[in-house]
Amino acid sequence: MSSILVANSNADYAKKIAAVLRTGGLNVSGVCTTGSQVIDFANRHYHGGVVVCSVKLMDMPALNLPRTIGPGYDFLFIVKSQQTDISESLSCASLILPINRMDLISSVSMLLDISDYSSLTVKKKIANGGFDEKQVLEKAKNILIERNNFTEPQAHRFIQKKSMDSGKKMIETAMIILNM
């Protein structure tokens with residue numbers, strides 16, 4: 001089972017984010033304020049998951065954490081509105097402050113679903129046909145662009161990478177993003 005970790009230099013803000021995720025039915029495994037705590041948590045909980053993280057933590061900038069921790073964890077960065085240029089340079093999903101509760105819950109759920117989802121249902125839907133693969137892929141990219149501040153190439157690369165990491169076809173990953 002995947003873990004959800006909330007990391008923010010402000011402990012109260014981290015707890016509020018965790019509370020929002022819990023009200024959305026998600027199980028938050030930990031809350032921390034430093035990058036070293038995130039690294040320690042990831043090393044102890046090797047089964048992967050999602051880290052909801054501010055750009056800067058108490059002991060380090062968090063932007064290098066995805067490379068440090070490796071492919072088992074997806075990152076959802078919380079970015080201040082004056083830092084939107086940072087979100088454009090990330091290969092991870094991001095949300096711009098102020099955060100919409102549903103966008104936060106949906107984004108974390110999507111990241112969990114991509115890694116945990118049993119694709120049998122999606123494969124059956126694909127086998128039954130009726131889907132224009134290009135249209136489904138475009139709709140999924142548009143969700144990532146609108147909700148998670150990706151550029152079009154970033155959204156495409158995100159779907160491509162998640163598909164490769166999980167052993168799914170791109171259409172399967174796109175359908176998971178669309179929650180089909």
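Scroll up for the structure.
Everything numeric in this text was worked out from a predicted model, so none of it was measured.

Procedures and definitions
Residues numbered from 1 in each chain as written. Predicted model: local features only at pLDDT ≥ 70, side-chain atom pairs only at ≥ 80, totals over all residues. Heavy atoms only, no water. Helix = DSSP H or I, 4+ residues; strand = E, 2+ residues; numbered from the N terminus. Pairing = 2+ DSSP bridges. Axes fitted to C-alpha atoms, helices over the stretch in contact; angles between N-to-C directions. Contact = heavy atoms within 4.5 Å. Core = buried A, V, L, I, M, F, W, Y, C linked by side-chain atoms within 4.5 Å. Buried < 20%, exposed > 50% of the residue type's maximum accessible area, 1.4 Å probe, protein only. Phe/Tyr/Trp six-rings, centres within 6.5 Å; stacked < 30°, edge-to-face > 60°.

Moving on, we come to unusual backbone geometry. Of the consecutive residues Leu97 and Pro98, the connecting peptide bond is found in the cis state with omega at -5°. With respect to the secondary-structure elements, Pro98 resides in the loop between β5 (93–96) and α5 (101–116). Positive phi, normally seen in glycine, also occurs at Asn149, with a value near 60°.

What follows concerns the sheet that holds β5. Through backbone hydrogen bonds, the strands of a sheet pair up, either in parallel or in antiparallel fashion. Overall, parallel pairing links the 5 strands, which are arranged β2-β1-β3-β4-β5 in an open sheet. Looking at which strands have only one partner, the edges of the open sheet turn out to be β2 (30–32) and β5. Geometrically, the sheet is characterised by an average inter-axis angle of 20° between neighbouring strands, direction not taken into account. The pairing of strand β1 (residues 3–7) with β2 spans 3 bridges and is classified as parallel. Bridge assignment links Ala7 to a residue of β2, and that residue is Cys32. Contacting β1, β2, β3 (49–54) and β4 (73–79), helix α2 (residues 35–44) runs over the sheet at an angle of about 170° to β1. Strands β4 and β5 of the sheet are contacted by helix α7 (residues 133–148), whose axis makes an angle of about 40° with β5.

What follows deals with the nonpolar core. Counting 36 residues, the largest nonpolar core has Val6, Leu21, Val52, Leu76, Leu104, Val108 and Leu144 as the members making the most contacts within it. Top contributing element to this core by residue count: α5, with 7 residues. Ignoring sequence-local partners within four residues, the contact set of Leu104 consists of Ile17, Val20, Leu21, Val52, Leu76, Ile78, Leu95 and Ile99. The next biggest cluster of nonpolar side chains, apart from the first, holds 19 residues, and it includes Val38, Phe41, Ile69 and Phe77.

Scanning the model with the defined rule gives 2 aromatic pairs in all. Residues Phe75 and Phe77 carry aromatic rings whose centres are separated by 5.6 Å and whose planes lie at 20° to one another, so their mutual orientation is stacked. Across the pair, Phe77 and Phe75 agree in class, each one buried. Considering the side-chain rings of Phe150 and Phe158, the 5.2 Å spacing of their centres and the 45° angle between planes classify their relative orientation as tilted. A residue is classified by how much of its surface remains accessible, and Phe158, at 6% relative accessible area, is buried.

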